[in-house]
Amino acid sequence: MKHRCVGHRSRRFPPSCSPVVRVGCVNQAAVIPCPARRALGKAGKHGRRIMQENASGPLATVFAAPGRYIQGRGAIDRLGEVLEQLKSKRPLIVRDPIVEEIMGEALKGLSGATHVEFKGECSPEEIDRVAEEAREAGADAIVGIGGGKTLDTAKAVAHPAGLSLVIVPTIASTDAPTSAVSVVYTEEGEVLEYRLFGRNPDAVIVDTEVIVGAPVRFLVAGMGDGLSTYFEADASSRTRAKTLVSGAPTQAALAIARLCYDTLLEHGLAARLAAERGAITPSVEKVIEANTLLSGLGFESGGLAAAHSIHNGLTVLEETHQFWHGEKVAFGVIAMLMLEDRPFDVVAEVVDFCLEVGLPVGLDDLGLENASEEDLRRAAEVACAEGETIYNEPFDVYPQTVLDAILAADAFGRQRRAVLTGEAELPTVAG
Ligand SMILES: [Zn+2]
């Protein structure tokens, strides 16, 4: 037997060394000295270090979710019922200008509601303005209806004030709706801060008809965001990294993230094609659920890793600003797989999926066909900035290895695309 208890190096496990302690013996990082050792009070240098590291015990696993998730054709009609369950009599509805047009009828029946139009940026000023409106109206709940920034503003108003919160996304382009996070920007549109609330929305209502009514590129971008969830949760689980809900990843989050990935691969193309025709099929419903609920739960309680950091790095390059979050994340996934040295089959599966549904596989798909190595190095350096989730990967990460992964992903993606379109060229034989 290789394992020996920290406290019993010279012997095998003494009878007093419990199985729990044996698991964490010398071959593992997260160990606690066995009770027998502690009783002896002879912790050596190594033993002391271990005891300090575990002074407050190992990181607990945490799983967070919204109170209720409702999805389907005409689901917005359930808003009144949801507000009633939350005992709200005076909700404040913060919404995008387009909401009046796409679901105005459904909102007419809500008595006692105050409507506020979102001004376009989830900035501290806008959050304060909406919060003031909520106070003046004596609101007892906030309902956010619209795109990501509208929803983030609703979260940032409701949580600090202790108000109930209902989130109604009108597009399925990211996995943010179910989470307890708001991304706050300056008035000029630059990321200012992430605000983490200890509470998820009380309810999330996703009206499939509304989602399908939006341009299909949103749905596809959401698939790109969802594509990263399993791989990032997998990396975070292996390192027991702290997630956005301040805990180690749960098995539930990892399983949900895997279901998200499998759903996208099986139904992604069918969903895109149906949605383009305005059709709501079971595939469309499954992909919207994957983009919103499965990916949302998976990333928040499962953890982020390299793909989102590489996304963050790419955003420093001006050319990528015209692309959606999920589109950049999709390329980040391919680069992450290169960084992780994943088997060919895994990378090919992901790249082929991207090609199939219309997500970027090469730097040229992100407007970076003329990017210099210096530009890409800058992106790699930002991806490796302190505090980035790329450090949740189970190995050391450096800007150089990230740059190499980006270049390898670009080459792989372009080659796969060329094969698919019959334009692949064999390498020239030297000599
Ligand atoms: Zn994302």
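I will try to describe carefully the structure that is included in this document.

Cut-off values and rules
Residues numbered from 1 in each chain as written. Predicted model: local features only at pLDDT ≥ 70, side-chain atom pairs only at ≥ 80, totals over all residues. Heavy atoms only, no water. Axes fitted to C-alpha atoms, helices over the stretch in contact; angles between N-to-C directions. Helix = DSSP H or I, 4+ residues; strand = E, 2+ residues; numbered from the N terminus. Parallel < 35°, antiparallel > 145°, perpendicular 65-115°, else oblique. Contact = heavy atoms within 4.5 Å. Nonpolar A, V, L, I, M, F, W, Y, C, P; charged D, E, K, R; others polar. Salt bridge = Lys/Arg side-chain N within 4 Å of Asp/Glu carboxyl O. Buried < 20%, exposed > 50% of the residue type's maximum accessible area, 1.4 Å probe, protein only. Donors = N, O, S within 2.8 Å, 3.2 Å for Na, K, Ca; no water. Pairing = 2+ DSSP bridges. Expected span 1.5 Å × (residues − 1). Bend = angle between axes of the 7 residues up to and from the residue. Left-handed = near helix turned anticlockwise from the far one by under 90°.

## Some remarks on the packing of helix α9 (residues 216-239) against helix α12 (residues 306-314)
When two helices pack together, you describe them by how their axes are tilted relative to each other and by the distance separating the axes.
1) Next: Orientation of α9 relative to α12, taken along the N-to-C sense of each, is 135°, at an axis distance of 8 Å. When the axis of α9 is compared with that of α12, the two are oblique. Judged by residue contacts, Asp225, Ser228 and Glu232 of α9 engage Ala306, Ala307 and His308 from α12.
2) Next: Of the residues belonging to the contact of α9 with α12, the class tally is 2 nonpolar, 2 polar and 2 charged.

## So, the pattern of salt bridges
1) Next: Summed over all chains, the structure comprises 23 salt bridges.
2) Next: For Arg378, the salt bridge is made with Asp375, and the minimal N-O distance between the two is 3.6 Å. Here Asp375 and Arg378 lie together in helix α15 (residues 373-383), a separation of 3 residues that amounts to about one turn.
3) Next: By relative accessible area, which is 40% here, Arg378 ends up partly exposed.
4) Next: Judged by its relative accessible area of 22%, Asp375 is partly exposed.
5) Next: Taking the shortest distance from any N to any O, the salt bridge between Asp410 and Arg414 comes out at 2.9 Å. Separated by 4 residues within a single helix, Asp410 and Arg414 lie in helix α16 (residues 399-420), roughly one turn from each other.
6) Next: Here Asp410 falls in the buried class, since its relative accessible area comes to 10%.
7) Next: What makes Arg414 partly exposed here is its relative accessible area of 31%.
8) Next: Here the salt bridges do not stand alone but share partners, grouping Asp364, Asp365, Asp410, Arg414 and Arg417 into one network.

## Overview of the coordination of the zinc ion
1) Next: Donor atoms from the polypeptide that bind the zinc ion are Asp225 (OD), His308 (NE2) and His325 (NE2), placed at 2.1 to 2.2 Å.
2) Next: Donor residues binding the zinc ion come from one chain and are separated in sequence as D-x82-H-x16-H. In this pair, His308 is assigned in helix α12 and His325 in helix α13 (residues 325-339), connecting sequence segments 17 residues apart.
3) Next: By relative accessible area, which is 26% here, His325 ends up partly exposed.

## As for α12
1) Next: For α12, a buried count of 8 out of 9 residues is recorded, marking the element as mostly surrounded by other parts of the structure.
2) Next: Those residues of α12 that sit buried are Ala306, Ala307, His308, Ser309, Ile310, His311, Gly313 and Leu314.
3) Next: Of the surrounding secondary structure, the elements contacted by the buried residues of α12 are α9, α13, α15 and α16.

## Comments concerning the pairing of strand β7 (residues 191-196)
For a regular strand, side chains alternate in direction, first toward one face of the sheet and then toward the other.
1) Next: Of all 6 residues making up β7, only 0 are buried, and the element is barely covered by its neighbours.
2) Next: Between strand β6 (residues 181-185) and β7, which follow one another and run antiparallel, lie 5 residues, and Gly189 among them has a positive phi close to 95°.

## A closer look at helix α10 (residues 251-276)
1) Next: Between its terminal C-alpha atoms α10 stretches 35 Å, which fits the 38 Å expected from 26 residues at 1.5 Å a residue.
2) Next: The principal kink in α10, of about 55°, is found at His267.
3) Next: Just beyond α10, the residue with positive phi is Gly278, at close to 75°.

## Things to note about the packing of α13 against helix α14 (residues 344-357)
1) Next: The interhelical angle for the contact between α13 and α14, taken along N-to-C directions, is 165°, at an axis separation of 10 Å. The pairing of α13 with α14 is recorded here as roughly antiparallel in orientation. Crossing hand, α13 versus α14: left-handed. Contacts from Ala330, Val333, Ile334, Leu337 and Met338 in α13 reach Val346, Val347, Val350, Val351 and Cys354 in α14.
2) Next: Residue classes in the contact of α13 with α14 are distributed as 10 nonpolar, no polar and no charged.

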